[in-house]
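Next come the chains, spelled out residue by residue.
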Amino acid sequence: MLIKRPADIRPSEITPETVYRERRHFMRMAGAGVLYAAGMRFAAAGAEQAYPPLEGPIAKSAYSTTEEPNSWDAITQYNNYYEFGSGKRDPSRHAHRLQVRPWTVVIEGEVARPRTIGIEELLKLPLEERIYRLRCVEAWSMVIPWVGFEFNKLAALVEPTSKAKFVEFTTVYQPENMPGTRLPVLEWPYVEGLRIDEAMHPLTIMAVGLYGRVLPNQNGAPLRLVVPWKYGFKSAKSIVRIRFTEQQPRTAWEKAAPHEYGFYANVNPAVNHPRWSQKREKRLPAFFASRETQPFNGYAEQVAHLYAGMDLRKYY
Ligand SMILES: Nc1nc2c(c(=O)[nH]1)N[C@H]1C(S)=C(S)[C@@H](COP(=O)(O)O)O[C@H]1N2
Ligand SMILES: [Mo]
């Protein structure tokens, strides 16, 4: 018999692989009465305790795609969250160290009523499920059933002024809990930004949950931005500061590699990234990039008008 020291055992080895694959949980979302047949597979029973169902009703949305969502495991074990390392499994291994309470969000800048809002108050906003495609600039994609509220609902709490032309989002910086920040991959904290009309568009949400449950840390708990027509890096995680500005914010990726990452970052099959052709994408768990990339990630009908008259090769 093989005896391992506890430190050698990874969570995936604690549950036998067969149980891990076969166990299915059918979840009833409060109020919405939605049943998930395929998606809710928990790696271990502990996950149910760590990520309890969100309180209150969760409304469905006409903005949701009817495409099949990726599984809970896929969405929570294949992540980009560089603060916890650059490997796809690093965030799920290390993000339990993120301290998500107490949590406040400073909302400031060009607003009539600057405020610091506790996460508890934001969780009381009416929640909706939004099943969106997520397209990473690395040319893979998933379908993710987020729970959250439109960013414009949060903006209404602080009343942006007419000078507010952009919004800057800042991720939490907890160097002692974030092993990835020891490497100078990016300038920490992670900063992203949107033009005000992009931020106020009804597709732009602040997510607080996944599959009706509390958002896992590796996915950006307790509050993350989701902008489904842009490359995934625009969707900043674990947000602590939102600043309405007159000037276009300088984002972390623009600072790190300006020729690779533009401010707009709209999903566009016609503009290649220097390291990744954007013509096609790999819809996980598929192995090949056999799917054609859709302009604006399939949301052109809703958002193309925001860019009328702009040369999207220049504003990439
Ligand atoms: N703070 C922070 N936010 C981030 C990232 C990051 O490294 N740090 N990675 C981005 C990238 S590149 C992608 S593709 C998405 C991935 O979101 P997911 O792991 O929840 O699927 O998060 C984005 N938000
Ligand atoms: Mo990404």
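Described below are features of the structure shown in this document. (Residues numbered from 1 in each chain as written. Chains lettered and ligands numbered in written order. Predicted model: local features only at pLDDT ≥ 70, side-chain atom pairs only at ≥ 80, totals over all residues. Heavy atoms only, no water.)

Brief notes about the overall build of the chain
In terms of regular secondary structure, the chain is built from ten helices and 15 strands. The burial tally for the chain puts 53% of its 316 residues in the buried class. At a minimum sequence separation of 6, the contacts of the chain that also span at least 24 residues come to 71%. Only carbon and sulfur atoms are counted for the fraction: they give 54% of the accessible area of the chain, which is about 15,000 Å². (Helix = DSSP H or I, 4+ residues; strand = E, 2+ residues; numbered from the N terminus. Buried < 20%, exposed > 50% of the residue type's maximum accessible area, 1.4 Å probe, protein only. Contact = heavy atoms within 4.5 Å. Areas by Shrake-Rupley, 256 points an atom, 1.4 Å probe, with all protein chains shown as cover.)

Digging into the sheet that holds strand 8 (residues 166–171)
Sheet architecture is open: five strands sit in the order 5-4-13-8-9, paired in mixed fashion. Each edge of the sheet is formed by a strand with only one pairing partner; in this case those strands are strand 5 (115–118) and strand 9 (191–195). Each strand axis lies, on average, 20° off the axis of its neighbour in the sheet, ignoring direction. Here strand 4 (residues 104–109) runs beside strand 5; their pairing, made up of four bridges, is antiparallel. When the sheet's bridge partners are listed, Ile107 is paired in strand 5 with Arg115. (Pairing = 2+ DSSP bridges. Axes fitted to C-alpha atoms, helices over the stretch in contact; angles between N-to-C directions.)

Description of the site of ligand 1
Not every one of the 17 residues close to ligand 1 is listed here, only the nearest: Asn79, Tyr82, Glu83, Ser235 and Lys237. Residue Ser235 places a main-chain N or O atom 2.9 Å away from a nitrogen atom belonging to ligand 1. Grouping the amino acids of the shell around ligand 1 by side-chain chemistry returns eight nonpolar, six polar and three charged. (Near = heavy atom within 4 Å. Polar contact = N/O pair within 3.5 Å; in protein donor to acceptor, adjacent residues only side chain to side chain. Nonpolar A, V, L, I, M, F, W, Y, C, P; charged D, E, K, R; others polar.)

What about the packing of aromatic side chains?
One pass over the structure, following the stated rule, counts 17 aromatic pairs. On the basis of an interplanar angle of 90° and a centroid distance of 6.2 Å, the ring pair of Tyr264 and Tyr307 is categorised as edge-to-face. Taken together, the residues span a long stretch of sequence, with Tyr264 in the loop between helix 9 (252–256) and strand 14 (280–283) and Tyr307 in the segment after helix 10 (300–303) at a distance of 43 residues. On the basis of relative accessible area, Tyr264 is assigned to the buried category, the value being 7%. Pairing Phe296 with Tyr307 gives two aromatic rings, centres 5.5 Å apart and planes at 15°, and the pair type is stacked. (Phe/Tyr/Trp six-rings, centres within 6.5 Å; stacked < 30°, edge-to-face > 60°.)

Everything listed is a geometric property; what it means functionally is a separate question.
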